[in-house]
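# Understanding the architecture of this molecule
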Amino acid sequence: MIDDARTADGNAVAGPLSQFFAFDVTRMVVTCSACGSESPLGALRLYGDTMGMVLRCVRCGEVNLRALQFNGGISLDARGATRMTFHPVNLR
Amino acid sequence: MGIPGASSVIPAMPEASAPILGWQLATLTAIRDETPSVKTLAFSLPQWAGHVAGQHIDLRLTSDDGYQAERSYSIASPSGHIPLVEITVERIADGEVSPFLTEQLSLGDTIELRGPVGGYFTWSADNPAPLMLLAGGSGIVPLMSMLRTRARAANRPPARLLYSSRNFEEIVYRGELEGLVATQDGLSVAHTLTRGAPANWNGETRRVDPEMLAKYAFPATQAPQNFICGPTAFVETVADRLVALGHPEAVIKTERFGPTGERR
């Protein structure tokens, strides 16, 4: 099936992850555990939907982050991200 | 922003990091046809922390049996604190949410909304860098918020939009874009149609290629801020070509927007 036209990358996880983090996560730089490339979380490729989200590396396709929503809660699996870096003032 | 009495030494939080509200009930207050398959919906809200151009809202639908569907949509309206936000929705026949939003939701109906969210794909008018916007199809929506925000700003950096649509009828905001260009405030708009053009068409008629970028995009020497929004293939192709033209990756922001899933 073809689903609705909507945000199809890490920008879509800002809302769900606002329950988890006190800051906006889409500007956070994620380091891929497989290829080492760095990308703002907002630019990662999104698979699944907002109930079960999979964010993959733009370069190599490795799964960097998985987020599962349940009953108003959220669970985050970040084993595919070696590092997550937040620069408060960069990325204007 | 700022807290009365707080020391001015403390750096102000960027607006995009304003506290995120939980779910609230938004009321549909206006519907506007943009193209045969695209509508703009305006929602009024009990509370609104204000948003920056490029940010999103999430909509949540709950069916009678408790099943919930959530969707993230770019805000189309200009940045500001007025508790009224517009989104522009393309109706996808097989979609789970878009047929409901575009055909069933009526004026006065309420829907759960959360936002604004997202601080990566955002632009505010105090950024003096030349503004380069590259849109593929319905990816125009957050870029239109940026252009509407720019049109209301005191200082407007030069701006260019290169907008790829399948055909003339599918160009969203066509008349409004013409109006913005007519003000002659430093904005130029170029269209390209990839699946056929009217007989008297004087725009481009092919997919965005390096030659087209060389013609319409700001050169890297002018240090523009580039925003690309559209289907994944469009976004990745255009981003790679801007890098090849010498633009640093840090000044290329991307948002993939379009139908998801596979054709079966």
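Provided above is the structure to which this section pertains.
The following refers to the structure shown. All values derive from a computational prediction rather than experimental measurement. (Residues numbered from 1 in each chain as written. Chains lettered and ligands numbered in written order. Predicted model: local features only at pLDDT ≥ 70, side-chain atom pairs only at ≥ 80, totals over all residues.)

### Brief notes about the overall build of chain B
Test applied: Every helix listed is a DSSP run of H or I at least four residues long, and every strand listed is a run of E at least two residues long, numbered separately from the N terminus. Our exposure labels follow a C-beta count within 10 Å of each residue's own C-beta, placed from the backbone: buried means 20 or more other C-beta atoms, exposed means 12 or fewer, and partly exposed covers the counts in between.
Scanning chain B for helices and strands turns up 5 helices and 11 strands. Relative to its full complement of 264 residues, chain B shows a buried share of 42%.

### Here's the deal with the overall build of chain A
Applied cut-off: Two residues form a contact once the distance between their C-beta atoms, set from the backbone, is within 7 Å.
Secondary structure assignment for chain A yields 1 helix and 8 strands. Along chain A, from the amino end to the carboxyl end, the secondary structure elements read β-α-β-β-β-β-β-β-β. A buried classification covers 45% of the 92 residues belonging to chain A. Counted over contacts in chain A with a minimum sequence separation of 6, partners at least 24 positions apart contribute 45%.

### Points about the sheet that holds strand β2 (residues 38-44) of chain B
Residues and elements named next belong to chain B. Formally: A pair of strands counts as paired when DSSP detects no fewer than two bridges linking them. For helices, the axis comes from a line fit to the C-alpha atoms of the stretch in contact; other axes are also lines fit to C-alpha atoms, and the angle between any two N-to-C directions lies between 0 and 180 degrees.
Read across the sheet, 6 strands follow the order β4-β3-β6-β1-β2-β5 without closing on themselves; strand pairing throughout is antiparallel. Strand pairing shows two members of the sheet lacking a second neighbour, β4 (68-74) and β5 (84-90), which therefore form its edges. Neighbour-to-neighbour, the strand axes of this sheet turn through a mean angle of 40 degrees, independent of strand direction. Both strand β1 (residues 24-35) and strand β6 (residues 110-117) contribute to a ladder of 4 bridges, which runs antiparallel. Note on β6: the bridge partner recorded for T27 is T110.

### Some details on helix α2 (residues 140-151) of chain B
Residues and elements named next belong to chain B. Filter applied, for reference: Between the first and last residue of a helix there are one fewer steps than residues, each counted as 1.5 Å, and that sum is the expected span.
Over its 12 residues, α2 extends 16 Å from the first C-alpha to the last, a length consistent with the 16 Å expected when each residue adds 1.5 Å. Counting buried positions over the 12 residues of α2 gives 11, a clear majority of the element. Restricting attention to buried positions, one finds in α2 the residues I140, V141, P142, L143, M144, S145, M146, L147, R148, T149 and R150.

### A look at the environment of B:R91
Residue and element names in this part refer to chain B. Inspection of the secondary structure puts R91 in the loop between β5 and α1 (98-104). Taking the C-alpha atoms as reference, R91 lies 18 Å from I57; in sequence the two are 34 residues apart. R91 has contacts with S37, S98, P99 and T102, leaving out every residue within four places of it along the chain.

### Brief notes about unusual backbone geometry
A negative phi angle is the norm for most residues apart from glycine, just as the trans form is the norm for most peptide bonds. All names here are of chain B. Cis geometry marks the peptide bond from G115 to P116; its omega dihedral reads 0 degrees. Take P116: it is sitting in strand β6. The phi dihedral of Y173 is positive, around 65 degrees, even though this residue is not glycine. In this fold, Y173 is placed in the loop between β8 (159-165) and α3 (174-182). Despite not being glycine, A223 shows a phi value in the positive range, around 50 degrees. Within the secondary structure, A223 sits in the loop between α4 (210-216) and β10 (225-230). Of the residues examined, A223 has 13 C-beta atoms within 10 Å and is grouped as partly exposed.

### Concerning the sheet that holds strand β8 (residues 81-85) of chain A
Residue and element names in this part refer to chain A. Taking strand neighbours across the sheet as the criterion, the 3 strands line up as β3-β2-β8 in an open arrangement whose pairing is antiparallel. Unpaired on one side and paired on the other, β3 (38-40) and β8 mark the two borders of the sheet. Within this sheet the neighbouring strands show an average axis-to-axis angle of 25 degrees, counted without direction. Looking at chain direction, strand β2 (residues 29-32) and β3 are connected through 3 bridges and run antiparallel. Looking across to β3, one finds that V29 is bridged to P40.

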